[in-house]
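# Tertiary structure, described
In case you want the letters, here they are:
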Amino acid sequence: MTVEEDKKALRSAMHARRAAVAAADRAAAGAALAATWRREQPVLTPHPDGRATVVAGFWPMGEEIDLRPLLGALHDDGYAVGLPVTPAAAAPLRFRQWTPGTLLVGGPFGTSEPAAAAPEVEPDALLVPFLAVDADGYRLGYGGGYYDRTLLELRARRRVIAIGVGFEAQRVDRVPRGPHDDRLDWLLTDRRLLAFA
Ligand SMILES: Nc1nc2c(c(=O)[nH]1)N(C=O)[C@@H](CNc1ccc(C(=O)N[C@@H](CCC(=O)O)C(=O)O)cc1)CN2
Ligand SMILES: Nc1ncnc2c1ncn2[C@@H]1O[C@H](COP(=O)(O)OP(=O)(O)OP(=O)(O)O)[C@@H](O)[C@H]1O
């Protein structure tokens, strides 16, 4: 099998595994993400000029983990929070600032994104969704390649910390690796925060 075929097979298995997360674990996950972040604080280097560190998240859809309490906690803790704006074509994601009052509008693939009035921001750290993540920090997404392209573009210019966010149940031994795949620096789940070596 090719890497693409391996990824396709793992995607369908992981959709099923994510769907099987118990309702009680699902309901508790949002608060757990925020509490774990506040307790363990991944290391993010502050800007020398004192402006807010930009953490870009994502607005959960379908059966993704509910990180909205974490986004609120980041906002309350003084981070500038961003959300992705998805281009129609195969291009990197853009980010617009989100605050608890920001109007969201529908984007491609069922996403919700800040309306055009929200200022564009450039992330210092990226909270990244995944279907599967492995012990070395490689991730499997929905197959659009958006996060791979976005990390490649941002990391060509500056240091950007990538933090995968998902359920503990989405961890696997090994994700198939293609030429564009970049590693995550941290993993935040409903159970723990860990740094990849
Ligand atoms: N919440 C969220 N926002 C995101 C992403 C994501 O994975 N999750 N993206 C990541 O790149 C970007 C949008 N790109 C996407 C590309 C493909 C699909 C997709 O195929 N979705 C599935 C259904 C997902 C589900 O509910 O399980 C589909 O349409 O069949 C979604 C988003 C940016 N925003
Ligand atoms: N930097 C890139 N430049 C060009 N093509 C890319 C790049 N990154 C990924 N791709 C292409 O995008 C497609 C999807 O890649 P992949 O299967 O790794 O997506 P994914 O990581 O599951 O999705 P996502 O990053 O959106 O969550 C592949 O055809 C891949 O070759």
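No experiment lies behind these values; they were computed from the predicted model shown. (Residues numbered from 1 in each chain as written. Chains lettered and ligands numbered in written order. Predicted model: local features only at pLDDT ≥ 70, side-chain atom pairs only at ≥ 80, totals over all residues.)

### Concerning the UniProt feature "binding site: substrate" (unreviewed entry) in the protein chain
In plain terms, the rule: UniProt positions are given in the numbering used here, feature names are shortened, and annotations may be inferred rather than shown by experiment. Under the scheme used here, helices are H or I runs from DSSP no shorter than 4 residues and strands are E runs no shorter than 2 residues, and both carry numbers assigned from the N terminus.
Here the UniProt feature "binding site: substrate" (unreviewed entry) sits at Glu-64. Along the polypeptide, Glu-64 turns up in the loop between strand 1 (54–56) and helix 3 (68–76).

### Here we look at the pairing of strand 9 (residues 161–166)
Every regular strand shows the same layout, with side chains that alternate between the two sheet faces. Stated precisely, the cut-off is as follows: Here the C-beta atoms are placed from the backbone, and a residue counts as buried if at least 20 other C-beta atoms lie within 10 Å of its own, exposed if 12 or fewer do, and partly exposed otherwise. The rule for pairing is simple: two strands pair if DSSP sees at least two bridges between them.
With 5 of 6 residues buried, strand 9 is to be regarded as a mostly interior element. Bridge count for strand 6 (residues 125–128) against strand 9 is 4 bridges, and the pairing is parallel. Bridged to Val-128 within strand 9 is Gly-164. As judged from the 4 bridges shared by strand 9 and strand 10 (residues 186–189), these two strands associate in the parallel manner. What sits directly across from Gly-166, in strand 10, is Thr-189.

### A short note on the site of ligand 2
For the record, the criterion: Nearness rests on one distance test: the residue's C-beta atom, set from the backbone, must lie within 6 Å of the molecule or strand. All residues other than Ala, Val, Leu, Ile, Met, Phe, Trp, Tyr, Cys, Pro, Asp, Glu, Lys and Arg, Gly among them, are scored as polar; the first ten of these are nonpolar and the last four charged.
Contacts to ligand 2 come from 15 residues, most closely from Gly-141, Gly-145, Tyr-147, Asp-148 and His-180. For the shell around ligand 2, the element with the highest residue contribution is helix 4 (residues 146–157), accounting for 5 residues. Tallied by class, the residues present in the shell around ligand 2 amount to 5 nonpolar, 6 polar and 4 charged.

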